[in-house]
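# Notes for the structure review
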Amino acid sequence: MTAEQTRHRRNLKTVNRALASGTFSEVRQVLNNLPGAEAAHLIESSPPREREILWQLLSQEQETEVLQYLGEEVRVELLRDLPTEELVELIEDLDTDDLADLLQELPEQVTSRVLAGLDAQNRERLEQVMNYPEDTAGGLMNTDVITVRPEITFSVVQRYLRRLGDIPKTTDNLLVVNRKNQFVGVLPLTRVLISDPGTSVREAMITDVEAIPATQDAHEVAKLFERLDLVTAPVVDDDGMLVGRITIDDVVDVIMEEAEHSLMGMAGLGEDEDTFGSVWQTVRRRALWLGINLLTALAASAVISLFEDTLEKVVALAVLMPIVASMGGIAGSQTLTLVIRAMALGQVQAGNTRYLLTKELAVGAFNGMLWALVIGVTAALWFDDPSLGVIIGCAMILNLVVAAGAGAMIPMVMKRMGIDPALAGSVVLTTVTDIVGFMAFLGLATLLYANLVV
């Protein structure tokens with residue numbers, strides 16, 4: 001267990017004990033001495049009733065800081081019943097990108113009040129961010145940037161920075177723009193600090209940095225940051241005008257959301273699923289996927305019912321039948337997970353899909369032969385019937401090959417159809433491996449034991 005996890009567990013234990021005893025002053029002291037991210041984590045780790053109490057015990061200054069770290073669902077839950085005046089006062093000091101994300105979750109009248117309460121410059125910045133979808137570079141960016149012109153000297157830049165008195169967080173570069181506000185390069189802050197004051201920005205700036213289009217997908221932005229080890233990156237509109245910058249903390253959020261989406265999607269859940277949400281809310285969300293799973297299970301059962309006479313005559317088939325489907329499901333899931341991950345990293349392209357499919361089919365065939373031998377010998381000895389061993393061995397090979405092929409092809413096909421493979425891939429795969437497994441095993445058994453079934 002890490003030091004951070006130990007500290008969080010200790011704080012949670014302290015808060016729960018204080019809440020149970022009614023000593024709210026102790027809870028207030030603990031909460032308001034925590035960093036915003038840790039206080040938000042503590043609130044999200046508490047059931048709904050305790051959340052309300054913890055939120056009310058925060059100071060107004062701490063509320064604003066905590067708000068930006070809360071998950072969407074918890075944040076909306078806590079803000080839903082606040083008076084509009086109090087809500088406007090609470091959120092107007094958030095960073096532009098965080099405020100834009102939050103306003104999209106709140107009622108229109110609240111959004112209008114917040115926009116009306118901002119000065120002209122901040123309102124223009126906020127509206128600029130809100131013009132772009134949340135999952136694009138424009139939706140991620142922050143408009144709080146420091147720009148300089150190419151013709152000025154470092155001494156002018158240094159005086160300008162001193163006059164500002166404060167610079168935006170995570171500033172590693174100053175952004176260089178021309179008189180039309182078009183992006184032309186970046187000026188590393190370290191060069192400004194260590195170079196001769198008479199040096200011009202034009203002499204020291206880096207011009208081979210490509211700005212990110214505001215319409216670029218957030219997923220592609222995250223891959224770019226990862227590949228180039230970026231801390232910040234400029235964002236431009238279609239005319240090359242500088243509109244903002246993206247910082248590494250926003251990219252980390254994108255990566256975390258994608259990881260949660262993939263993990264939760266395997267179970268048919270959204271990435272914002274609230275662990276401590278209400279029973280009804282949780283039931284409503286999970287019921288859909290349970291219903292879909294029931295339909296797929298009925299399809300597999302319908303296949304089994306086709307071989308009812310065979311199962312009545314050869315009882316051993318009912319004992320061994322789940323093994324084939326289960327092994328196919330595991331083998332297919334391994335391939336499915338691998339391919340979805342490769343797609344997320346941008347590794348799967350038109351030129352390498354044939355190799356990927358061939359490789360996975362070969363892996364399925366070799367694994368199928370290996371475990372077919374194991375289960376075939378086991379079944380033959382167990383039921384004293386060599387024919388049964390041959391049947392389950394052949395079914396195992398067939399199902400593992402099909403599972404490998406399906407695991408590779410399903411996410412590719414779904415992506416072309418505009419369906420999220422992380423969300424629906426496992427359901428389709430399970431249906432395929434169950435139906436093929438049962439059909440292969442019971443079909444071969446029916447052919448071999450035909451004289452018993454007549």
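Placed above this text is the structure.
Within every chain, residues take consecutive numbers counted from 1 along the sequence as written. Confidence filtering applies because this is a predicted model: local features only for residues at pLDDT of at least 70, side-chain atom pairs given and counted only at 80 or more, and all residues used for totals across whole chains, interfaces and linings. The side-chain values count all of the structure's non-hydrogen atoms but skip hydrogen atoms and water molecules.

## A short note on the overall build of the protein chain
Worth spelling out the cut-off: To qualify as a helix, a DSSP run of H or I must reach at least 4 residues; to qualify as a strand, a run of E must reach at least 2; elements of each kind are numbered from the N terminus. Only protein chains enter the accessibility calculation, which uses a 1.4 Å probe. A residue is then buried if its area is under 20% of the maximum for its type, exposed if over 50%, and partly exposed in between. Contact criterion: two residues are considered in contact whenever any of their non-hydrogen atoms come within 4.5 Å of each other. Only the protein chains shown count as cover for residues, with accessible areas throughout obtained via the Shrake-Rupley method and a probe of 1.4 Å.
When its secondary structure is counted, the protein chain shows 23 helices and six strands. By residue count, 43% of the 454 residues in the protein chain fall in the buried class. Of the contacts made within the protein chain by residues no fewer than 6 positions apart, 66% connect residues no fewer than 24 positions apart. Only carbon and sulfur atoms are counted for the fraction: they give 57% of the accessible area of the protein chain, which is about 24400 Å².

## Observations concerning the packing of helix α4 (residues 48-57) against helix α6 (residues 72-79)
Working note: a packed helix pair is described by the angle between its axes plus the distance between those axes. This is how it is decided: Here an axis means a line fitted to C-alpha atoms, over the contact stretch when the element is a helix, while the angle between two N-to-C directions is reported on a 0 to 180 degree scale. Roughly parallel means an angle under 35 degrees; roughly antiparallel means over 145; roughly perpendicular covers 65 to 115; every other angle is labelled oblique. By convention the crossing between two helices is left-handed if the near helix lies anticlockwise of the far one by an angle smaller than a right angle, and right-handed if it lies clockwise. In this count, Pro and Cys sit with the nonpolar residues alongside Ala, Val, Leu, Ile, Met, Phe, Trp and Tyr, while Asp, Glu, Lys and Arg are called charged and the others, Gly among them, polar.
One way to put it is that α4 packs onto α6 with a least axis distance of 11 Å and a crossing angle of 65 degrees. One element, α4, and the other, α6, form an angle in the roughly perpendicular class. Between α4 and α6 the crossing geometry is right-handed. Touching Pro-48, Arg-51, Glu-52 and Trp-55 of α4 are Val-74, Glu-77, Leu-78 and Leu-79, all from α6. Residue composition of the contact of α4 with α6, grouped by class: five nonpolar, no polar and three charged.

## Quick look at the packing of helix α2 (residues 24-32) against α4
Direction vectors running N to C along α2 and α4 enclose 70 degrees, while the axes themselves pass 9 Å from each other. Judged by the inter-axis angle, α2 sits roughly perpendicular to α4. Touching Phe-24, Val-27, Arg-28, Leu-31 and Asn-32 of α2 are Ile-53, Leu-54 and Leu-57, all from α4. Each residue belonging to the contact of α2 with α4 can be placed in one class, and the counts come to six nonpolar, one polar and one charged.

## Overview of the environment of Asn-173
The residue Asn-173 is located in strand β2 (residues 173-177) in this model. For the pair formed by Asn-173 and Ile-146, sequence separation is 27 residues and the distance between their alpha carbons is 8.6 Å. Contacts of Asn-173, omitting those with residues within four sequence positions, involve Val-186, Leu-187, Pro-188, Leu-189 and Thr-232.

## So, the pattern of salt bridges
Threshold: The salt bridge criterion pairs a side-chain nitrogen of Lys or Arg with a carboxyl oxygen of Asp or Glu, the two atoms within 4 Å.
A complete count under the given rule lists three salt bridges for this structure. The shortest N-O distance in the salt bridge between Arg-179 and Glu-151 comes to 3.3 Å. Of the two residues, Arg-179 sits in the loop between β2 and β3 (183-188) while Glu-151 sits in the loop between β1 (147-148) and α12 (154-164), which places them 28 residues apart along the sequence. Since its relative accessible area comes to 39%, Glu-151 is described here as partly exposed. Ionic pairing is found between Glu-360 and Lys-359, a salt bridge with its closest N-O pair at 3.3 Å. Glu-360 gets classed as buried once you look at its relative accessible area, which sits at 5%.

## Focus: the pairing of β2
Where a strand is regular, its side chains alternate between the two sheet faces. Operational definition: Note on pairing: DSSP must find at least two bridges between two strands before they are called paired. Looking down the strands as they point away from the viewer, one classifies a crossover as right-handed if the path from the first strand across the helix to the second runs clockwise.
Among the five residues of β2, five are classified as buried, and the element is accordingly described as predominantly covered. Pairing geometry for β1 and β2, over two bridges, is parallel. Paired with Thr-147 across the bridge in β2 is Leu-175. As a crossover connection, the stretch from β1 through α12 into β2 is right-handed. Of the pairings in the sheet, the one linking β2 to β3 comprises five bridges and is antiparallel in character. If you follow Leu-174 over to β3, its bridge partner there is Leu-187.

## Some thoughts on the packing of aromatic side chains
Two aromatic rings, taken as a pair, are described by how far apart their centres are and by the angle between their planes. Using the following cut-off: Aromatic pairs are defined between Phe, Tyr and Trp rings, using the six-membered ring for Trp, whenever the two ring centres lie within 6.5 Å; interplanar angles under 30 degrees are classed as stacked, those over 60 as edge-to-face, and all others as tilted.
Counted by the stated rule, this structure contains one aromatic pair. With a centroid separation of 4.8 Å and 25 degrees between ring planes, the pair formed by Trp-382 and Phe-383 is classed as stacked. Taking the relative accessible area as the measure of exposure, Trp-382 reaches 53% and is therefore exposed. Judged by relative accessible area, which is 27%, Phe-383 ranks as partly exposed.

## Overview of helix α20 (residues 353-383)
Defined as follows: What a helix should span is 1.5 Å times the count of its residues minus one.
End to end, α20 covers 43 Å across 31 residues, agreeing with the expected 45 Å (1.5 Å per residue, within 8%). Residues of α20 that are buried include every one of Leu-356, Glu-360, Gly-364, Gly-368, Ala-372, Ile-375, Gly-376, Ala-379 and Ala-380, and no others. Considering only its buried residues, α20 is in contact with α19 (316-344) and α21 (386-416). Once α20 finishes, Asp-384 follows within two positions and takes phi at roughly 55 degrees, a positive value.

## Considerations on the sheet that holds strand β4 (residues 212-213)
With respect to topology, three strands assemble into an open sheet ordered β4-β5-β6, the strand pairing being mixed. What marks the edges here is a single partner per strand, and that holds for β4 and β6 (242-247). Inspection of the sheet shows β4 paired to strand β5 (residues 232-236) by two bridges, in the parallel sense. What sits directly across from Ile-212, in β5, is Val-235.

## Some details on a nonpolar patch on the surface
Note the cut-off: Patches here are clusters of residues that have more than 30% relative accessible area and form no salt bridge, with a 9 Å joining cutoff for like charges and a 5 Å cutoff for nonpolar side chains (Val, Leu, Ile, Met, Phe, Trp, Tyr).
Judged by side-chain polarity, Val-231, Ile-248, Val-252 and Met-256 come together as a nonpolar surface patch covering roughly 300 Å² of accessible area. The residue Val-231 is located in the loop between α15 (218-228) and β5 in this model.

## Brief notes about the nonpolar core
The line we're drawing: Residues enter a nonpolar core if they are buried and are Ala, Val, Leu, Ile, Met, Phe, Trp, Tyr or Cys, with the set joined through side-chain atoms within 4.5 Å.
Of all hydrophobic cores here, the largest spans 53 residues; its most connected members are Trp-55, Leu-67, Leu-70, Leu-79, Ile-91 and Ile-246. The greatest single-element share of this core, amounting to five residues, is contributed by α15. Counting 29 residues, the second-largest nonpolar core is a separate cluster that includes Val-303, Val-314, Met-321 and Leu-442.

## As for the sheet that holds β3
Here three strands make up an open sheet; going across it, the order is β1-β2-β3 and the pairing mixed. The sheet is open, and its two edges are formed by β1 and β3, each paired on a single side.

## Some words on the layout of surface pockets
Spelled out, the test is: Of the grid points, spaced at 1 Å and generated over the protein atoms alone, those admitting a 1.4 Å probe that cannot get out make up cavities, while open sets with protein on both sides within 12 Å along at least five of seven lines make up pockets; any residue with an atom within 4 Å of a point is treated as lining. Grid points are joined across faces, edges and corners, and a volume is the space filled by probe spheres set on the points.
Its boundaries defined by the atoms lining it, the second largest pocket holds a volume of some 320 Å³. Every residue lining the second largest pocket is counted, 13 residues in all, and those nearest its centre are Arg-125, Thr-143, Val-145, Asn-181 and Leu-242. Among the residues making up the lining of the second largest pocket, the classes are represented as five nonpolar, six polar and two charged.

On their own, these measurements won't tell you what the molecule is for.
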